[in-house]
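# Chains, contacts and geometry: an overview
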Amino acid sequence: MINAIERAAAAARPNHVRLDDVDTAILRELVRDARIPNNALAEKVGIAPSTALARMRALRESGVIKGFHADIDLELLGLEISAMVSILIHSHARSRMTEIAEHLSGLDSVQRVFLMSGDRDLLVHVSCESPTRLRDFVSAHLNDPAIANTQTNLIFSELRHGD
C-alpha cells in the first residue's frame, strides 16, 4: 500500500489529487498506525503539529483519507475460518449485480464485497466460526437464481506491507 501511495503521488494525472512529499509521508505513517497522535505524526514527518493537523484535514476533505478503521483479529473473536468466495452472475442477471453485492455486504459473516472484472463478478470475504458455518453461509445466502457459480477459497493467512 505504501509503494502504491508513493507511485500515485509521483504521477501527474488530471482530475486526481496532487500529493507532495509531506502528504506522502503523512499517508505512509497513517498506513503504519492510523492512531498515531498528531504531535508524534508531526515529529516523524518533520513538520509542526499545526501543519500536520492542517494537512490531515485537507487530506480528509479532498477524499484521499476516506476514514480510519480498526484492524480486528477475527480469530480471537471465534471466527476461525475466513474465505474468499468468488461469484459469477448469470449474464441475464447482470443488472442485479450491485443489488446482490449490497445484500451480501449487509450479512453478518461478510467482511467485504468487491465488484470485479475478469472471469468472476463478485469477490466476498467471509469469516465464520467453523467449516460447517461457512458451508451453511454459502448454502443459505448464495442460492440466488441470478448466481451462476461460486468458488470458495480458504484464507490461511494474510500478509500486509510492513508486517
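The coordinates are above.
In what follows, the accompanying structure is described. Throughout, a residue's number is its position along its own chain's written sequence, starting from 1. Owing to the predicted nature of the model, reporting of local features is limited to residues with pLDDT of at least 70; listing and counting of side-chain atom pairs is limited to 80 or more, with chain, interface and lining totals taken over all residues. The side-chain values count all of the structure's non-hydrogen atoms but skip hydrogen atoms and water molecules.

Take the sheet that holds strand β2 (residues 110-115) next. Only when DSSP finds a minimum of two bridges between them are two strands counted as paired. Put simply, DSSP H or I for four residues or longer makes a helix, DSSP E for two residues or longer makes a strand, and each gets a number counted from the N terminus. Taken in spatial order, the four strands of this open sheet run β2-β3-β1-β4, and their pairing is antiparallel. Both outer strands of the open sheet, β2 and β4 (147-154), are each paired with one neighbouring strand and no more. The average undirected angle you get between the axes of adjacent strands in this sheet is 20°. Both β2 and strand β3 (residues 122-128) contribute to a ladder of five bridges, which runs antiparallel. Its bridge partner lying in β3, Phe 114 is registered against Leu 123. All axes are obtained by fitting lines to C-alpha atoms, using only the stretch in contact for helices, and the reported angles, taken between N-to-C directions, cover 0 to 180 degrees.

This next bit is on the packing of helix α3 (residues 38-45) against helix α4 (residues 49-61). Geometry of a packed helix pair, given as the angle between the helix axes and the separation of the axes. Between α3 and α4, the shortest axis-to-axis distance is 8 Å and the interhelical angle comes to 100°. Relative to α4, the element α3 is oriented roughly perpendicular. Of the residues in α4, those touching α3 at Asn 38, Leu 41 and Ala 42 are Pro 49, Ala 52, Leu 53 and Met 56. In this classification, the charged set is Asp, Glu, Lys and Arg, the nonpolar set is Ala, Val, Leu, Ile, Met, Phe, Trp, Tyr, Cys and Pro, and all remaining amino acids, among them Gly, are polar. Residue composition of the contact of α3 with α4, grouped by class: six nonpolar, one polar and no charged. Roughly parallel refers to an angle under 35 degrees, roughly antiparallel to one over 145, roughly perpendicular to one between 65 and 115, and oblique to any angle outside these ranges. Contact between two residues is taken to exist if any of their heavy atoms lie within 4.5 Å; hydrogens are not considered.

This part takes up the environment of Glu 129. Here Glu 129 is to be found in the loop between β3 and α6 (131-141). When its relative accessible area of 42% is taken as the criterion, Glu 129 is described as partly exposed. Note: C-alpha distance between Glu 129 and Ser 82 (47 residues apart in sequence) is 8.8 Å. Apart from the residues within four sequence positions on either side, Glu 129 is in contact with Gly 78, Leu 79 and Glu 80. Buried residues are those whose accessible area, probed at 1.4 Å on protein chains only, stays under 20% of the maximum for their type, while exposed residues exceed 50% and partly exposed ones sit between those limits.

A word on the pattern of salt bridges. Opposite charge on two side chains allows them to pair when their charged atoms are near. Each reported salt bridge corresponds to a side-chain nitrogen of Lys or Arg within 4 Å of a carboxyl oxygen of Asp or Glu. Across all of its chains, the model carries nine salt bridges by this definition. In this structure, Glu 29 engages Lys 44 in a salt bridge whose closest nitrogen and oxygen atoms are separated by 4.0 Å. Note that Glu 29 is positioned in helix α2 (residues 21-32) and Lys 44 in helix α3, a separation of 15 residues in sequence. Glu 29 sits in the buried class, given a relative accessible area of 11%. For the salt bridge of Arg 133 with Glu 129, the shortest nitrogen-to-oxygen distance reads 3.8 Å. Assessed through its relative accessible area of 49%, Arg 133 is described here as partly exposed. By sharing partners, the salt bridges in this structure join Asp 20, Asp 23 and Arg 55 into a single network.

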